[in-house]
Amino acid sequence: MRPSHQLRLLGLLLFSLIPSQLCQICEVSRENCSYLNPLVNTMVNANYTKGIQSANILLTFRLVQIQNQRLEQQLTQQIQEDIKKREPEITSGELALAILALGACKNSSEVFIRDAHLVSKLGEKFKAEIENMETHSDHPLTNYYQLSLALLALCLSNGSHSITNVIPYFTPENKNYYFGGQFSVDTGAMAVLALTCVKRRIEKEEIEADIKDLNKTNVYITSLVNKILSAKNDGLFGNIFSTGEAMQALFVSSNYYKNKRNCQETLHTVLHNVFQGAFRLPIAAAQILPALMGKTYLDVNKNCSCACSPDKFNISTDKPVPVTPTISPSNISVNYSVRINEIFNSTKVTVRKGSVFLDVMMAAQKQNKAAFCFEMEDGPWGPYITSVQNTSANNNDRTYWQLLSNGQPLSQGAGSYVVKNGEYLEVRWSTY
Ligand code: CBY
């Protein structure tokens, strides 16, 4: 980008930070809602075929009141059908997001939630997560992000479940907040939202608890918030993809954004990333948008009008922006390795400029099937690598295939990360 363009963009972004008519303590101002257009358009124009995996998207649509009846209906129907078809195998976090999305803003799906007994089914899934922890050295069936989502949905659904006896599991010392020794900001943020909901309900005497439960909840929230704040980097928390949820956690449980400078710093960096196309995946757009519009998942049952009301958006029905840049006719070459402990297989691969990590894996597999064969599953964030060289990731052992570039873990998945000429790419058998 030319320097003059950069200056103009910087000016526009700074202008966008002047707040007006705040809904939360930090949000994009009314005059500048158009900066959020790329996020809204990514969500509106995506091709949704993944059933319950789109629950996060429907939740955001409803939370920020983007009115698109056709899409809301389509997503609602897909999610409901998927639940009917696959209920036993649906994970706790998926069901939690579905309950939040279907129930948001008091709409007709409430009947489905009730008739299909979704809240009590979620209670059962939550119990199964805890039981797995007891039999598998503290490892839940899924992960603490999903456990937190489940607690949040149970708390917001006003269920009569006894949620206070699970508070001790959310102690910030629990290793499940960490992946490979690093605090997972996404996970911590989701836990803060869940614990804040529990705390508020205890304070309103809506759930039975004693003063010790309340004190414990407060101590855990404070400690998790401090961990999120310690993961700050240039206005972001963790990385660009965890920042939306971190902002929500900070909105509901700290004074951090009462300082306007802090708010400006985060909004500036996030909007710069929006401009650069960091949120091309609908799920990424859905996870950042509520915070930018001053909303949190704790607002699902509330009605609060924010600066960027839906009519401020310019929703186009243009073709969606491609998730990755266009492939160019010229070639680049990269180094690719598969590492399982001490065993190391490497190769040089030539791919088209603009290719993603997955293209490199496929080219290597074509070269040498025995050394580089792999399997993947389709997830909300795109392809997830489940097995390489016939060695599979296993949740109960906390093993996974980690993606790295020049020795550093990537913050994007195999289907999104665009590779560069001369780069050293690696998939490493790891534990988290
Ligand atoms: N969602 C979940 O259950 C996912 C929760 C989450 C914390 C999630 C990040 C956060 C979010 N906001 O959605 C998460 N990842 C988890 C829990 C995991 C673990 C999954 C296994 C399990 N126990 O459920 C695990 C194995 C530690 C993991 N993530 C691995 C990876 C790597 C995937 C590599 C592969 N095999 O394909 C990868 C690519 C990191 C790496 N360098 O290897 C990875 N995750 C990334 C980059 C991400 C981010 C995705 C960002 C992007 N643009 O693609 C992420 C948002 C997310 C999805 N992981 Co995980 C975190 C971030 O960078 N902020 C609930 C359910 C209902 O959908």
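Looking at an unreviewed UniProt entry, one finds the protein chain named Transcobalamin 1, with Phocoena sinus as its source organism. Check the Subcellular location (unreviewed entry) section of the UniProt entry for the protein chain; it says "Secreted". Taken from UniProt, the Sequence similarities (unreviewed entry) comment for the protein chain reads in full: "Belongs to the eukaryotic cobalamin transport proteins family."

A. Up close: the state of the cysteines. Per the stated rule, a full pass over the model turns up two disulfides. In this model, C26 is linked to C263 through a disulfide, with the two sulfur atoms separated by 2.2 Å. A torsion of 85° about the S-S bond marks the disulfide between C26 and C263 as right-handed. Taken together, the residues C26 in the loop between helix 1 (3-15) and helix 2 (37-45) and C263 in helix 12 (residues 260-275) connect sequence positions 237 residues apart.

B. Highlighting the site of the ligand. Taken together, 30 residues form the shell around the ligand, and within it N143, N239, N395, L403 and Y432 come nearest. Take T142: an N or O atom from its main chain is 3.2 Å from a nitrogen atom of the ligand. At a separation of 2.7 Å, a nitrogen atom of the ligand approaches a polar side-chain atom of N395. Of all the elements in the fold, those that place two or more residues in the shell around the ligand are helix 5 (92-103), helix 8 (144-156), helix 9 (185-203), strand 8 (382-388) and strand 10 (399-405). At four residues, strand 10 tops the list of elements feeding residues into the shell around the ligand.

C. Representation of the confidence of the model for the protein chain. Looking at the protein chain as a whole, the pLDDT averages 89, with 88% of positions reaching at least 70. Ignoring residues within four places in sequence, the model shows residues 1-22, a span with pLDDT below 50, making 31 contacts including any to other chains. Here the predicted complex carries an ipTM of 0.99, next to a pTM of 0.92.

D. Main features of a negative patch on the surface. On the surface, E124, E131, E134 and D138 cluster together into a patch of negative charge. Along the polypeptide, E134 turns up in helix 7 (residues 118-135). What makes E134 exposed here is its relative accessible area of 55%.

E. Quick peek at the packing of aromatic side chains. Applying the stated rule across the entire model yields 14 aromatic pairs. Measuring from centroid to centroid gives 4.9 Å for Y256 and Y257, while their planes differ by 75°, and the two rings are edge-to-face. Y257 gets classed as buried once you look at its relative accessible area, which sits at 0%. Summarising the aromatic geometry, the rings of Y336 and F372 are spaced 5.5 Å apart at their centres and angled 55° between planes, so their arrangement reads as tilted. Here Y336, found in strand 5 (residues 331-340), pairs with F372, found in helix 15 (residues 369-372); they are 36 residues apart in sequence, far enough to count as distant. Residue F372 is classed as buried on the basis of its relative accessible area, which comes to 3%. Taken together, the aromatic side chains of Y144, F170, Y177, Y178 and F183 make up a single cluster linked through ring pairs.

F. How the structure looks around the environment of S148. You can see S148 is positioned in helix 8. In this structure the C-alpha to C-alpha distance between S148 and A191, which are 43 residues apart in sequence, comes to 4.9 Å. Each residue touching S148, except ones within four places of it in the same chain, is listed here: F170, T187, M190, A191 and A194.

G. Highlighting the sheet that holds strand 8. The strand order across the open sheet formed by three strands is 7-8-9, and the pairing between neighbours is antiparallel. Two strands lie at the open edges of the sheet, namely strand 7 (374-379) and strand 9 (391-392), each paired on one side alone. Judged from the six bridges that link them, strand 7 and strand 8 form a sheet pairing that is antiparallel. Considered in strand 8, the bridge of E377 is made with Y384. Against the sheet, helix 14 (residues 357-367) touches strand 7 and strand 8, its axis set at about 150° to strand 7.

H. Geometry of empty space enclosed by the protein. Across all of its chains, the model carries two cavities of 30 Å³ or more by this definition. By volume, the largest cavity is sized at about 40 Å³. In terms of lining residues, the largest cavity is bounded by H139, P140, T142, N143, Y144, N176, F179, N395, R398 and Y432. Class assignment for the residues of the lining of the largest cavity results in four nonpolar, five polar and one charged. In this model, the second largest cavity occupies a volume close to 30 Å³. Lining the second largest cavity are I240, F241, T243, G244, F279, A284, Q287, I288 and W381. Broken down by secondary-structure element, the contributors of at least two residues to the lining of the second largest cavity are helix 11 (243-253) and helix 13 (282-292). Top contributing element to the lining of the second largest cavity by residue count: helix 13, with three residues.

Quick notes on the rules
Residues numbered from 1 in each chain as written. Predicted model: local features only at pLDDT ≥ 70, side-chain atom pairs only at ≥ 80, totals over all residues. Heavy atoms only, no water. UniProt positions renumbered as here; feature names shortened; annotations may be inferred. Disulfide = S-S within 2.5 Å. Helix = DSSP H or I, 4+ residues; strand = E, 2+ residues; numbered from the N terminus. Near = heavy atom within 4 Å. Polar contact = N/O pair within 3.5 Å; in protein donor to acceptor, adjacent residues only side chain to side chain. pLDDT = per-residue confidence, 0-100. Contact = heavy atoms within 4.5 Å. Patch = residues over 30% accessible without salt bridge, like charges linked within 9 Å, V, L, I, M, F, W, Y side chains within 5 Å. Areas by Shrake-Rupley, 256 points an atom, 1.4 Å probe, with all protein chains shown as cover. Salt bridge = Lys/Arg side-chain N within 4 Å of Asp/Glu carboxyl O. Lys, Arg positive; Asp, Glu negative; His and termini not counted. Charge placed at Lys NZ, Arg CZ, Asp CG, Glu CD. Buried < 20%, exposed > 50% of the residue type's maximum accessible area, 1.4 Å probe, protein only. Phe/Tyr/Trp six-rings, centres within 6.5 Å; stacked < 30°, edge-to-face > 60°. Pairing = 2+ DSSP bridges. Axes fitted to C-alpha atoms, helices over the stretch in contact; angles between N-to-C directions. 1 Å grid on protein atoms, 1.4 Å probe; cavity = no way out; pocket = protein on both sides within 12 Å on 5 of 7 lines; lining within 4 Å. Points joined across faces, edges and corners; volume = space filled by probe spheres on them. Nonpolar A, V, L, I, M, F, W, Y, C, P; charged D, E, K, R; others polar.

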